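Residue-level listing of the chains:
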Amino acid sequence: MKTRLMKGNDAVGEAAIAAGCRHYYGYPITPQNEIPEYLSKRMPEVGGVFIQSESEVAAINMVYGSSSAGARVMTSSSSPGISLKTEGISYMAGSELPAVIVNMMRGGPGLGGIQPAQGDYFQAVKGGGHGDYRTIVLAPASVQELYSFTRLAFDLADLYRNPVMILGDGLLGQMMEEVEIPVDAADTPPPEKPWAATGCRGRSKVIINSLYLDPHQLEVHNRKLQEKFSRMVEREQRSQEYRTRDCEILLVAYGTAARIARGAVDEARAQNIKAGLFRPQTLWPFPNGGLLEAAGTAKALLVVEMSAGQMVEDVKLGIEGRLPVHFYGRMGGVVPSVGEVTAEIRRLEGELS
Amino acid sequence: MKIVAKRPESLTSKDFHYCPGCTHGIIHRLVAETIDELGLRESAVGIAPVGCSVLAYEYFNLDMLQASHGRAPAVATGVKRVLPDCAVFTYQGDGDLAAIGLSEVVHAALRGENITIIFVNNAIYGMTGGQIAPTTLMGQVTTTSPGGREVGMSGNPIKVCEMLATQQGPAYLSRVSVHSPAHVRRAKKAIRKAFEMQMQKKGFSLVEILSTCPTNWGMDPLSSLDWLEEEMLPMYPLGEFRRPGG
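A brief report on the enclosed structure follows. (Residues numbered from 1 in each chain as written. Chains lettered and ligands numbered in written order. Predicted model: local features only at pLDDT ≥ 70, side-chain atom pairs only at ≥ 80, totals over all residues. Heavy atoms only, no water.)

## Here we look at helix α6 (residues 143-160) of chain A
Residue and element names in this part refer to chain A.
- Between its terminal C-alpha atoms α6 stretches 25 Å, which fits the 26 Å expected from 18 residues at 1.5 Å a residue.
- Counting buried positions over the 18 residues of α6 gives 13, a clear majority of the element.
- Of the residues trailing α6, Arg161 is marked for its positive phi of about 50 degrees. (Helix = DSSP H or I, 4+ residues; strand = E, 2+ residues; numbered from the N terminus. Expected span 1.5 Å × (residues − 1). Buried < 20%, exposed > 50% of the residue type's maximum accessible area, 1.4 Å probe, protein only.)

So this is what it looks like as structure tokens:
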């Protein structure tokens, strides 16, 4: 294990290299520009390919091409750019192609702003593009997790032959923290992909495709995809708990909002309020099992987000109506302070007692 | 018995779905013969577009990808950058390449991406029922230019080879036609040259092939061939717009 001080966006780039990714395609957009900048330097060093494409649309389709040819491949962007990529993500899900897509979210809608936000939760978790498909969505909350989740994302993408999204935000991408890098990190060989289109020498032809003009065939294809998504729900829920053992007010937050919520839990505890934090590390599949467990002693939930409360409905579904679900959030790139979240916990505590 | 003509190895035995008189079938065959002759079938990856040739992946007997509308050059870029020794080609119509996908083909050309683009120009959207295309001629009647193409509503037609020839990136640009046996033979030569350039790692090659669409032009197949010669050739002159060493 070695330790490096790294910027979040750089950690994503380095983790991709370590995961055996040798193809990156992207288009500049703040606040994720350090990822293409880092990889434009690193990819040539390891014999990889870096292309700054003419658009986000071109980038995701280059990803489609490289993935079809069997490579581990990544693209990254921020909110408006991800909107442009969603068509391609749907095609990849339909064609069962693995890829890693990183979204360092900024404020929206529209051109929005460039400050960190979490307003793309619905887009990431509920689909984004057209058709019945899902992508695993990983929600890192530190530079360390940006590194380890990026590596994990490549493995999950290959395991399920499906795009995987890393949902970060501008703050995570820009901050610097220590990262522990396993010494065996370098050059993970990508797995064999007999389904890839590499030229048909010694075998019959391969077709990478999402078009099924016969509705019955398309339904069969969809059933197969849905079975795969069900396996993801069974196996890939990830979450972390903090001070939940005896908590009465359970905060639920991910990413940057979770870091603030954690601080607020400590503040509340210092004021003798039994608060705890449940932090989803996968937003899809949402960690319903973990949430029910974490909420064992809770009297109420408080969802904290940098959005209008997009995760609230998943928390409500997860808690199955057993507890009231409250919400505190800021929008537009305003990051809530520990103080204002603590005040919200205190207010809620007052309501409960 | 000596076999003098047979289906190219690079075509499957599946029947084409193309309309009677449509020249897509000829162009498919020319591409397949070329791939056979150059011994590339087992190292080729083709990209089918959205449009009439969306099902090209069923007809070419080699590894095939289906791409989203207009993005085939970007997809081909992604494939080629993983498999630099494979013969990577796209097969695109005029709506796919010259309307929705114009950015992708231009930038692939500017990068000198070492891929081959087969660009079928029949001056109309075929698959969706005969709407105006970027290559539709002035005055040409389509289902979305019912009074004939005029600038005020639909702008001017695009000359893709001429436009790309103004740039440094492309290595080979040629416009050919398939309206007569002699032209079919010349088209084959251009396609072969494009693939040869790619295998010699010379960079971006594009062959624009003028093609007929009797169904959506509202003509019988023979009249379509005449219309191509009389109406399309003056607008889209044949020739090499960028050639090896030129």
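## A look at the nonpolar core
- One finds A:Met74, A:Leu301, B:Phe204 and B:Leu206 to be the most contacted residues of the largest nonpolar core, which totals 119 residues.
- Residues lining this core come from more than one domain, with at least three contributed by each of domain 1 (2-235) and domain 2 (239-352) of chain A.
- In this structure, B:Leu206 is in contact with B:Leu97, B:Val105, B:Ile117, B:Phe119, B:Cys161, B:Leu164, B:Tyr172, B:Leu173 and B:Ser174, ignoring residues within four places of it in sequence.
- One finds B:Cys22, B:Leu30, B:Ile35 and B:Ala171 within the second-largest nonpolar core, a separate group that totals 37 residues. (Core = buried A, V, L, I, M, F, W, Y, C linked by side-chain atoms within 4.5 Å. Domains from an automatic or database assignment. Contact = heavy atoms within 4.5 Å.)

## Considerations on the pairing of strand β14 (residues 300-305) of chain A
Residue and element names in this part refer to chain A.
- Of all six residues making up β14, six are buried, and the element is well covered by its neighbours.
- Because side chains alternate across β14, one face comprises the buried residues Ala300, Leu302 and Val304, and the other comprises Leu301, Val303 and Glu305, equally buried.
- Pairing geometry for strand β11 (residues 249-252) and β14, over four bridges, is parallel. From the neighbouring strand, Ile249 faces β14, where its bridge partner is Ala300.
- In terms of strand pairing, β14 meets strand β15 (residues 325-329) through five bridges, oriented parallel. In the sheet register, Val303 faces β15, and the bridge partner there is Phe327.
- In the classification by handedness, the crossover that spans β14, the intervening helix α11 (residues 312-319) and the parallel β15 is right-handed. (Pairing = 2+ DSSP bridges. Right-handed = clockwise from strand over helix to strand, strands pointing away.)

## Side note on the interface of chain B and chain A
- The interface of chain B with chain A comprises 35 residues on the first partner and 35 residues on the second.
- When the area that chain B buries against chain A is broken down by residue, the three leading residues are B:Glu42, B:Asp63 and B:Gln66, summing to 24%.
- The interface formed by chain B and chain A holds three salt bridges in total.
- Our count for the contact surface shared by chain B and chain A stands at 18 residue pairs in polar contact (both at pLDDT 80 or more). (Buried area = accessible area lost by both parts, 1.4 Å probe. Salt bridge = Lys/Arg side-chain N within 4 Å of Asp/Glu carboxyl O. Polar contact = N/O pair within 3.5 Å; in protein donor to acceptor, adjacent residues only side chain to side chain.)

## Topic: helix α3 (residues 56-68) of chain A
Residue and element names in this part refer to chain A.
- Compared with an ideal rise of 1.5 Å per residue, which puts 13 residues at 18 Å, α3 spans 18 Å between its outermost C-alpha atoms and is within 8% of the ideal.
- Within α3, 13 of the 13 residues are buried, which leaves it mostly tucked inside the rest of the structure.
- Of the residues that open α3, the one with a side-chain oxygen 3.3 Å from the backbone nitrogen of Val57 is Ser55.
- Just downstream of α3 lies Gly70, where phi reads positive at about 95 degrees.

## A look at the packing of helix α1 (residues 24-37) of chain B against helix α8 (residues 181-199) of chain B
Residue and element names in this part refer to chain B.
- Between α1 and α8, whose axes approach to 9 Å, the crossing angle comes to 45 degrees. Regarding the angle of α1 to α8, the classification is oblique. By crossing handedness, the relation of α1 to α8 is classed as right-handed. Between α1, through Ile26, Leu30, Val31, Glu33, Thr34, Ile35 and Glu37, and α8, the contact on the second element is made entirely by Val184, Ala187, Lys188, Ile191, Arg192 and Phe195. (Axes fitted to C-alpha atoms, helices over the stretch in contact; angles between N-to-C directions. Parallel < 35°, antiparallel > 145°, perpendicular 65-115°, else oblique. Left-handed = near helix turned anticlockwise from the far one by under 90°.)

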